[in-house]
Amino acid sequence: MKNLTLHTPEGVRDIYNSEYEERLEALYNLRKCFKDSGYMPISTPTFEYFDTFSKEVGSCKSNEMFKFFDRDGNTLVLRPDITPSVARAAAMYFSDTDEAVKLSYEGNVFINYHSLQGRLKESTQAGCEFIGDSSVDADAEILTIVVNALKNIGLKEFEIGVGHIDVVRGLIEAANLDDVQEEKLINLISNKNFFGAKELLEQAEVSKGLIELFDITGKIMNSPKEWNSYLDKAKKYKKVYDALEYLTKLYELLSKNGVMDYISFELGMISEYKYYTGIIFTGYSYGVGEPLVKGGRYDTLLSHFGKEAPAIGFAITVDQLMLALKRIPLDGMTDEV
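Residues numbered from 1 in each chain as written. Predicted model: local features only at pLDDT ≥ 70, side-chain atom pairs only at ≥ 80, totals over all residues. Heavy atoms only, no water.

## Re the packing of aromatic side chains
- The final tally for this structure, using the stated rule, is 10 aromatic pairs.
- Judged by centre distance (6.2 Å) and plane angle (90°), the rings of Tyr39 and Phe130 are edge-to-face. With Tyr39 in the loop between helix 1 (17-36) and strand 1 (40-41) and Phe130 in strand 6 (residues 122-131), the pair connects residues that are 91 residues apart, well separated along the chain. For the pair Tyr39 and Phe130, one class covers both residues: buried.
- Arranged with centres 5.4 Å apart and planes meeting at 15°, the rings of Tyr273 and Tyr275 form a pair that is stacked. Both residues of the pair, Tyr273 and Tyr275, count as buried.
- Each member of the aromatic cluster is reached from another via a ring pair, and the members are Tyr273, Tyr275, Tyr276 and Tyr298.
- In this arrangement the basic side chain of Lys102 is found over the ring face of Phe130, its NZ or CZ atom lying 4.8 Å from the centre.
- Residue placement shows Arg119 over the ring face of Tyr113; its charged tip is 4.0 Å from the ring centre. (Phe/Tyr/Trp six-rings, centres within 6.5 Å; stacked < 30°, edge-to-face > 60°. Helix = DSSP H or I, 4+ residues; strand = E, 2+ residues; numbered from the N terminus. Buried < 20%, exposed > 50% of the residue type's maximum accessible area, 1.4 Å probe, protein only. Lys NZ or Arg CZ within 6 Å of the ring centre and 35° of its normal.)

As structure tokens, this is what we get:
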């Protein structure tokens, strides 16, 4: 029988020596960047009540949470996502203020992925939450912080893809599909199977004009000029049109902030987190399969905890960030040979 006392459970690992020192330095630099941007630190518990992350919140699937019980029989979970924890804390400690609240955090999250996925079940996140401001300026600020934080920490090659939840949502609503068709279409778009999506729409007898507008979900664009040709068709569908106009304003602000070299627009982007209500974004670096950063706007999440306040935030996955940073010296050595 295998001696388990010398082994860690599947999905977790020990980090030590130089690797841990580099990790601590990265976290220190992220913390400094967040503080310099005006975001004050907050620490939330490693485990909370199940309701903080329930289906109504829209965070993580129930079967992917680590659950246990306290002495009173309450269901507790190891946090799978820090954003709902920060939202709960903000609703509790800043309930009497209408002023914007800027918070930063770092901590471990726990997701019970299927063993065959080979993914870490415990990972470290660091991020910011901008609570109480619904403007496009707040969205631009958060994205600018993401880019500057990754640059300041030494990452050279990365890209942040930005979408808007109402592009896909508005198109699907306009298609007027049944529940089964809608779920299948969302899966096809999520998996970037746009030929399959087009076939499904044709079989559902969706209008040709709307099917042509669905083409926008399969494109990665660098500026609003590239979606201008879709605007006339989008005028028939207010949710889609408003989302494209919003992204145009966001582009203008990000251009002024000088960060567009690291940002593109992915208009077919969908998130597994159900609490997002506006822009969503995901960041990748070359050679790293999992996202470095995820984020978006969640204007209704705090209402679950009793506070009506818009918000936007992001989380950098430190484990993926460290993998990306390791590539930098390797690339330099390759260039010298």
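## Side note on the environment of Tyr286
- By the secondary structure assignment, Tyr286 is in the loop between strand 10 (279-284) and strand 11 (293-297).
- For Tyr286 and Ala324, which are 38 residues apart along the polypeptide, the C-alpha to C-alpha distance reads 7.4 Å.
- Residue contacts for Tyr286: discarding those within four places in its chain leaves Glu157 and Arg327. (Contact = heavy atoms within 4.5 Å.)

## Some details on the pairing of strand 5 (residues 101-110)
- Within strand 5, 7 of the 10 residues are buried, which leaves it mostly tucked inside the rest of the structure.
- Bridge count for strand 1 against strand 5 is 2 bridges, and the pairing is parallel. The residue bridging Met40 from the neighbouring strand is Leu103, located in strand 5.
- Looking at chain direction, strand 5 and strand 6 are connected through 10 bridges and run antiparallel. Paired with Gly107 across the strands is Gln125, a residue of strand 6. (Pairing = 2+ DSSP bridges.)

## Brief notes about the environment of Leu188
- Checked against the element boundaries, Leu188 lands in helix 5 (residues 179-190).
- Counting along the chain gives 10 residues from Leu188 to Lys198, while the straight-line C-alpha distance between them is 9.5 Å.
- When sequence neighbours within four positions are dropped, the list of residues in contact with Leu188 reads Asn193, Gly196, Ala197 and Leu200.

## Quick word on the nonpolar core
- Counting 73 residues, the largest nonpolar core has Phe34, Ile160, Trp227, Phe281 and Phe314 as the members making the most contacts within it.
- At 10 residues, the largest contribution of residues to this core is made by helix 3 (residues 136-152).
- Setting aside anything within four residues of it in sequence, one finds Ile160 in contact with Leu143, Val146, Val147, Leu150, Tyr262, Ile263, Ser264, Phe281, Thr282, Gly283 and Val293. (Core = buried A, V, L, I, M, F, W, Y, C linked by side-chain atoms within 4.5 Å.)

## Details of the sheet that holds strand 4 (residues 75-78)
- Spatially, 2-4-3 is the arrangement adopted by the 3 strands of the open sheet, whose pairing is antiparallel. At either end of the open sheet lies a strand with only one pairing partner, and these are strand 2 (47-49) and strand 3 (67-69). With direction set aside, neighbouring strand axes in the sheet form an average angle of 40°.
- Two elements, strand 2 and strand 4, share 3 bridges in a ladder whose sense is antiparallel. Each residue of the ladder has a partner; that of Glu48, found in strand 4, is Val77. (Axes fitted to C-alpha atoms, helices over the stretch in contact; angles between N-to-C directions.)

## Observations concerning the environment of Glu129
- Examined against the element boundaries, Glu129 turns out to sit in strand 6.
- A relative accessible area of 0% places Glu129 in the buried class.
- Distance from Glu129 to Val101, taken between C-alpha atoms, is 8.1 Å for residues 28 residues apart in sequence.
- Setting aside residues up to four positions removed in sequence, Glu129 forms contacts with Tyr39, Thr83, Val86, Val101, Lys102, Leu103, Tyr105, Tyr298, Ile312, Gly313 and Phe314.
- In this structure the side chain of Glu129 is engaged in a polar contact, spanning 2.5 Å, whose partner is the side chain of Tyr298. (Polar contact = N/O pair within 3.5 Å; in protein donor to acceptor, adjacent residues only side chain to side chain.)

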